[in-house]
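Each chain, written out:
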Amino acid sequence: MRQLLLRPGAEELNYEIRGIVKKARQIEQLGFDITWENIGDPIQKNNTIPAWMKEIVADLVSQDHSYGYADSKGMMETRKFLAAINNAKDGVKITAEDILFFNGLGDGIAKLYQFLIPTARIIGPSPAYSTHSSAEAAHANTSPITYKLDPDNSWYPDMEDLYNKVKYNPTIVGILIINPDNPTGMVYPREVLQRFVEIAREFKLLLIADEIYQNITYNGFEAISLAEVLGDDLPGISLKGISKEFPWPGSRCGWMEFYNKHSSIEFAKLCQTLENAKMIEVCSTMLPQLAIPKIMSHPLYAAYRKEANSRIGRRSQLMEDVLAGVKGIKFNKTKGAFYNTIIFDESLLDDKQYLPVADRRVQTLLDGWLLEKEMPHDKRFVYNLLAADQICVVPVSSFCSDLRGFRVTLLEEDEAVFEDTFVRLAKSIEFYLKSSQRVALSLSE
């Protein structure tokens, strides 16, 4: 080409959650069924949408106005409805004018980072959700900045690590919180959220909370929203959507809630810029916006969500029963969202470990995949697991983390299939670790 096409940092855009699918499809084409544990799509895992919800959507589809443009910021009726939900909590109050719709949170996240100057950094958790970390890194033309989540402390953030990174890096203008967390399934206690607020207040930072899983908690845990702890003097953004909660991932419908918009001139300018960008785009999808108040105010909705959460909670217990006793890994029971991240004892990993693959064609594929240079040990395990057991998971190293492990989901609605998947996974972990003679001796001690 006459000139370079990509700006520096563009290579940081990476989404291993879907990237692993390309390899899984190669095995699928050989006649094998894949157990998909790579992505948080409830529909893919036998989730059934209730008839009353389908009726609402069907009725909207039959109405001509649902085929037109929405307001640029989002349908006024829907924004008023969502503002009222927020304002029913004991926290920051907003109006419909403080809500801005996007075509899914991925669209909103991309636009948020797009308009920040490259020297303005948002520090986020590690393990990191790839949509955030990749977009932040791409906008800054360098690697993302992260604070550590601690697998030895229920995946709670290392607040000392966060504080020091903020204190000694003046380019950091904001802190990202994901609560409940993807990929770990952790839910922040109030005191942890309050510490985020204290740090933000001390250094005059923006707080951004990805709260798309806020209504997906179980086993006695509940998520506290950013609005409940932020106070009236700090700028904040909450990121929300319906793709996981209804669930309706194909709707691509998410929104931002701006808190204390006028607490900072710079923050007010950012909010206005995001609104202007949406006006240039015209609007976000109409149909799911129309459906939100009708579905969420339906008399069956609360019970539906409660039962769905209860089922995820039961599966989290099944997962714990199977995996908690496996040697060589760190396991934390998930509390919210529908993911779990399992970490290996890295001292037990090496590049000689393997899983037996019965089919020669699949083994040939695996041999080719393992030629990748400087492959992290957890990615090596993930490839072996896919080839040997046709279970597709995501390596933790792809979540912008120095830890080595993998993420799974708790979405499979058929509990027999769910339990069988994790029994097979447990056996594969045990075999893989013991396939190294050095490690086998260590585990037997």
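Everything quoted here is computed from the prediction, not taken from an experiment.

### Some remarks on the overall build of the chain
Step number 1: Counting secondary structure elements, the chain contains 14 helices and 14 strands.
Step number 2: Computed over the C-alpha atoms, the radius of gyration of the chain is 22 Å, within 12% of the 22 Å expected from 2.2 N^0.38 for a compact globule of 445 residues.
Step number 3: C-alpha atoms of the chain, sized along the principal axes, occupy 60 × 55 × 55 Å.
Step number 4: Expressed as a percentage of its 445 residues, the buried residues of the chain come to 58%.
Step number 5: Sequence-distant contacts in the chain: of pairs separated by 6 or more residues, those separated by 24 or more amount to 72%.
Step number 6: Per element, the accessible surface of the chain, about 19,500 Å² overall, is 52% carbon and sulfur.
Step number 7: Distance from the positive charge centre (50 side chains) to the negative charge centre (59 side chains) of the chain: 3 Å.

### Regarding the confidence of the model for the chain
Step number 1: For the chain, per-residue confidence averages 93 on the pLDDT scale, and residues scoring 70 or more make up 94% of the total.
Step number 2: Note that residues 9–13 has pLDDT below 50 and, in this model, 13 contacts with residues that lie over four places away or in other chains.

### Let's talk about the layout of surface pockets
Unoccupied space between atoms shows up once a probe the size of one water molecule is rolled over them.
Step number 1: The volume enclosed by the second largest pocket comes to roughly 600 Å³.
Step number 2: Those elements that place two or more of their residues in the lining of the second largest pocket are α3 (76–87), β8 (236–241), β9 (254–259) and α10 (301–323).
Step number 3: With 5 residues, α10 is the largest single contributor of residues to the lining of the second largest pocket.
Step number 4: Classifying every residue of the lining of the second largest pocket gives 9 nonpolar, 6 polar and 8 charged.

### So, the packing of aromatic side chains
Step number 1: The tally for this structure, following the rule as stated, stands at 19 aromatic pairs.
Step number 2: Here the aromatic rings of tryptophan 52 and tyrosine 301 are separated by 6.5 Å at their centres, their planes lie at 90°, and the arrangement is edge-to-face. On the criterion of sequence distance, the pair formed by tryptophan 52 in helix α2 (residues 51–61) and tyrosine 301 in helix α10 is long-range, its members being 249 residues apart. For the pair tryptophan 52 and tyrosine 301, one class covers both residues: buried.
Step number 3: Judged by centre distance (5.6 Å) and plane angle (90°), the ring pair of tyrosine 213 and tyrosine 339 falls under edge-to-face. A residue pair is termed long-range when its members are at least 10 positions apart, and tyrosine 213 in the loop between β7 (206–210) and β8 and tyrosine 339 in strand β11 (residues 339–344) qualify at 126 residues.

### Some remarks on the sheet that holds strand β10 (residues 329–330)
Step number 1: As summarised here, the arrangement of the 4 strands in space is β10-β11-β14-β13, forming an open sheet in which the pairing is antiparallel. Two strands lie at the open edges of the sheet, namely β10 and β13 (394–395), each paired on one side alone.
Step number 2: In terms of strand pairing, β10 meets β11 through 2 bridges, oriented antiparallel. Its bridge partner being in β11, lysine 330 is matched across the sheet by isoleucine 343.
Step number 3: On the sheet, helix α13 (residues 415–434) packs against β10, β11 and β14 (405–409) and is oriented at approximately 170° with respect to β14.

### Concerning the sheet that holds β9
Step number 1: Taken in spatial order, the 8 strands make up an open sheet running β2-β9-β8-β7-β6-β3-β4-β5, and their pairing is mixed. Pairing within the sheet leaves two strands with one partner each, and these edge strands are β2 (99–102) and β5 (156–157).
Step number 2: Summarising the sheet, β7 and β8 pair through 4 bridges and their orientation is parallel. Paired with leucine 207 across the two strands is glycine 236, which belongs to β8.
Step number 3: Along the sheet, helix α6 (residues 159–167) contacts β3 (121–126), β4 (146–150), β5 and β6 (172–178); its crossing angle with β4, the most-contacted strand, is approximately 175°.

### Comments concerning the environment of valine 423
Step number 1: If you trace the backbone, valine 423 turns up in helix α13.
Step number 2: The exposure class of valine 423 is partly exposed, given its relative accessible area of 30%.
Step number 3: Considered as a pair, valine 423 and aspartate 321 are 102 residues apart in the sequence and their alpha carbons are 9.7 Å apart.

Rules used in this analysis
- Residues numbered from 1 in each chain as written.
- Predicted model: local features only at pLDDT ≥ 70, side-chain atom pairs only at ≥ 80, totals over all residues.
- Heavy atoms only, no water.
- Helix = DSSP H or I, 4+ residues; strand = E, 2+ residues; numbered from the N terminus.
- Rg over C-alpha atoms; globule rule 2.2 N^0.38 Å.
- Buried < 20%, exposed > 50% of the residue type's maximum accessible area, 1.4 Å probe, protein only.
- Contact = heavy atoms within 4.5 Å.
- Areas by Shrake-Rupley, 256 points an atom, 1.4 Å probe, with all protein chains shown as cover.
- Lys, Arg positive; Asp, Glu negative; His and termini not counted.
- Charge placed at Lys NZ, Arg CZ, Asp CG, Glu CD.
- pLDDT = per-residue confidence, 0-100.
- 1 Å grid on protein atoms, 1.4 Å probe; cavity = no way out; pocket = protein on both sides within 12 Å on 5 of 7 lines; lining within 4 Å.
- Points joined across faces, edges and corners; volume = space filled by probe spheres on them.
- Nonpolar A, V, L, I, M, F, W, Y, C, P; charged D, E, K, R; others polar.
- Phe/Tyr/Trp six-rings, centres within 6.5 Å; stacked < 30°, edge-to-face > 60°.
- Pairing = 2+ DSSP bridges.
- Axes fitted to C-alpha atoms, helices over the stretch in contact; angles between N-to-C directions.

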